[in-house]
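# Architecture and fold: a report
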Amino acid sequence: MRWLSVLSLALAADAVVGSSWFSKAAYNKWHETELERWLSDHDIPYPTPADRKDLENLIQKNWDSYAVAPYKSWDSDKLVSYLQSKGVETKDSAKSNKDALVSQVANTWYDTEDKAQTAWTNVQDWILDTWSDSSLKAFADKHGIPVPQPRTRDTLLQKIRSNYETIAKKAGETAAYPGDWLYDTWSESDLKEWLDTHGFPVPQITDRNKLIALVRRNSRLAYLRMQDQKNSAAASANAAYASLTDKLIDAWGESQLKEFCDKNGINVPQGSKVNELRALVRKNRAEILGDNVSASAASAFGAATSKAGNQYAKATDDASLAAQDAFNKAVDTWSESRLKAYLDARGVPVPQGSKTDQLRALVRRNAHKAAHPYSAWTWDDLSYDNLKKYLANSGNAAAKKVSESSSATRDDLVEAAQSAYSSASSAGGSSYASATSYLSQATEAAKKSTFDTWSESELKAYLDSYGIPVPQGSTLNELKAEARKQSTYFKYGTTNPASTAFAHLGENIKGAYQWVMGQLGAGSEAAKKKAGEVKEEL
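These remarks concern the structure in this document. All of these numbers come straight from a predicted model, not from anything done at the bench.

By the definition in use, this model includes 34 aromatic pairs. The interplanar angle of 45° and the centroid separation of 5.3 Å between the aromatic rings of Y82 and W109 together place this pair among those described as tilted. Remark: W109 occurs in the loop between α6 (98–108) and α7 (113–119) and Y82 occurs in helix α4 (residues 76–85); sequence separation between them is 27 residues. With relative accessibility at 0%, the residue Y82 sits in the buried group. For W109, a relative accessible area of 10% puts it in the buried group. Both rings, one in W454 and one in Y462, keep their centres 5.5 Å apart while their planes meet at 85°; by these two values the pair is edge-to-face. In this structure, W454 and Y462 share a single accessibility class: buried. What links up through ring pairs into an aromatic cluster is the set Y27, W30, W38, W63, Y66, W120, W126, Y177 and Y223. The lysine or arginine in question, R338, covers the ring of F490, its NZ or CZ lying 4.7 Å from the ring centre.

Below is the structure:
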């Protein structure tokens, strides 16, 4: 009996703990529309109508996988990429053990469970941090939020946060898990650009609501990544300046002091004397190592409040410009037909008689515009076999006949696929649903193996459609790599497909991080060099 009593007490204790966790969950205080919105954002089906308890139970079952530990649903490649970004080495044997990788990621994850719960009770404290300056300004202007000049980023954030709930109530909207009202000032291109910038794959959709849902569901992860990189920059800045002692500053001559100021973005008034230069360096060191180190580092990944912050912001701008420049260079080689196809896929009207340079200018202006889900480009990079499967399953008799022909070329298959899809689109109903359903499966299945099965002649013909000359002696792998590059630019503009989302984020972060290391590291190296010289003299 005593054993049963102990067991009963233990079970009761577990129930209390479980109940305590459930009762403190952020979504317990959400409006029913917010519960439905969260489920919809995460593609979790729910019954309609459904009572509040049903919705909460559904979220409870999925909360950990999406809000607390999203990495549990990642594949091994993503898990390894994350660990590498955190400086964690993974052995080849461990890479095949997903559970072991998940455990490693859990140990180095950005957030604890408690912090994740707290974060979702105060969304306004972080959801705006990943916005660009222009987006913050547009939001403040639309809602009549007075922001004193100069309109620095910190001031914008503070003013918007303090007015956040008031704006939501005024609009008759909820604020805990915000609806589309929060993104009223964002265009489709703005939404796509945010996803690009933060390394999230952009599906080929034009539905504005779906784009907003993608931004909303990924905002927390984007914020956590940004904070992590900010902290790394802060640590780097601290380490670089910590080696800069007063004795070293006193030992430097005028030229070395000026070089340090120049490399670290310290403004030197004309005619400054040596002692004034030393004072400037000391002041800058104090700012970096002092209370505002966090703010200084934060500005590496946003637009911030100080001159140093603006230079950090310039670094991220430069990284973004570098990506844009790479896209522009690719577009410069494209043929007229390929330029028109890019615009057509995005529903951009092409003025009659447009010259090639005018088409290129139009393409550049629409680098971030979301493409239509299905259009001429959809069949562009499907393999011969995938095209045949699509035609056989399209429900179109003529298309099926082409798929059964042993003499059909890839061009024949593409033409038949376009025709079958066009017919299904015009017919609508079940025909269209069937065509798009199979096409969605085919394109998803082909993502990771695009161009892998293509022959040399097919790859050359594909590159020729872009106007890309193929250097003599190019290997098959080189042709595949070039085809993938052009296909990525054509389909995604300046973003990357899902498999390289982490790499894309790395490019953005790397630009800013390298700037930090280049600037601060230069001073550190100079300090170390001089330290050696002083040591030798002593």
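Next comes the rest of the account.
Summed over all chains, the structure comprises 1 cavity of 30 Å³ or more. Each pocket or cavity is described by its volume, and for the largest cavity that value is around 40 Å³. Lining of the largest cavity is provided by W38, H42, Y66, A67, W120, Y177 and R217. In terms of residue class, the lining of the largest cavity is made up of 5 nonpolar, 1 polar and 1 charged.

Attention now goes to the pattern of salt bridges. The full count for this structure, using the stated rule, is 17 salt bridges. Where D43 meets R217, a salt bridge forms, and the shortest distance between an N and an O atom there is 3.8 Å. Taken together, the positions of D43 in the loop between α2 (32–41) and α3 (52–68) and R217 in helix α11 (residues 208–242) put the pair 174 residues apart, joining distant regions of the chain. Accessibility expressed as a relative area gives 62% for D43, which makes it exposed. According to the relative accessible area criterion, R217 is partly exposed, its value standing at 26%. Salt bridges linked by common partners bring D41, D180 and R216 together as one network.

Definitions and limits used
- Residues numbered from 1 in each chain as written.
- Predicted model: local features only at pLDDT ≥ 70, side-chain atom pairs only at ≥ 80, totals over all residues.
- Heavy atoms only, no water.
- Phe/Tyr/Trp six-rings, centres within 6.5 Å; stacked < 30°, edge-to-face > 60°.
- Helix = DSSP H or I, 4+ residues; strand = E, 2+ residues; numbered from the N terminus.
- Buried < 20%, exposed > 50% of the residue type's maximum accessible area, 1.4 Å probe, protein only.
- Lys NZ or Arg CZ within 6 Å of the ring centre and 35° of its normal.
- 1 Å grid on protein atoms, 1.4 Å probe; cavity = no way out; pocket = protein on both sides within 12 Å on 5 of 7 lines; lining within 4 Å.
- Points joined across faces, edges and corners; volume = space filled by probe spheres on them.
- Nonpolar A, V, L, I, M, F, W, Y, C, P; charged D, E, K, R; others polar.
- Salt bridge = Lys/Arg side-chain N within 4 Å of Asp/Glu carboxyl O.

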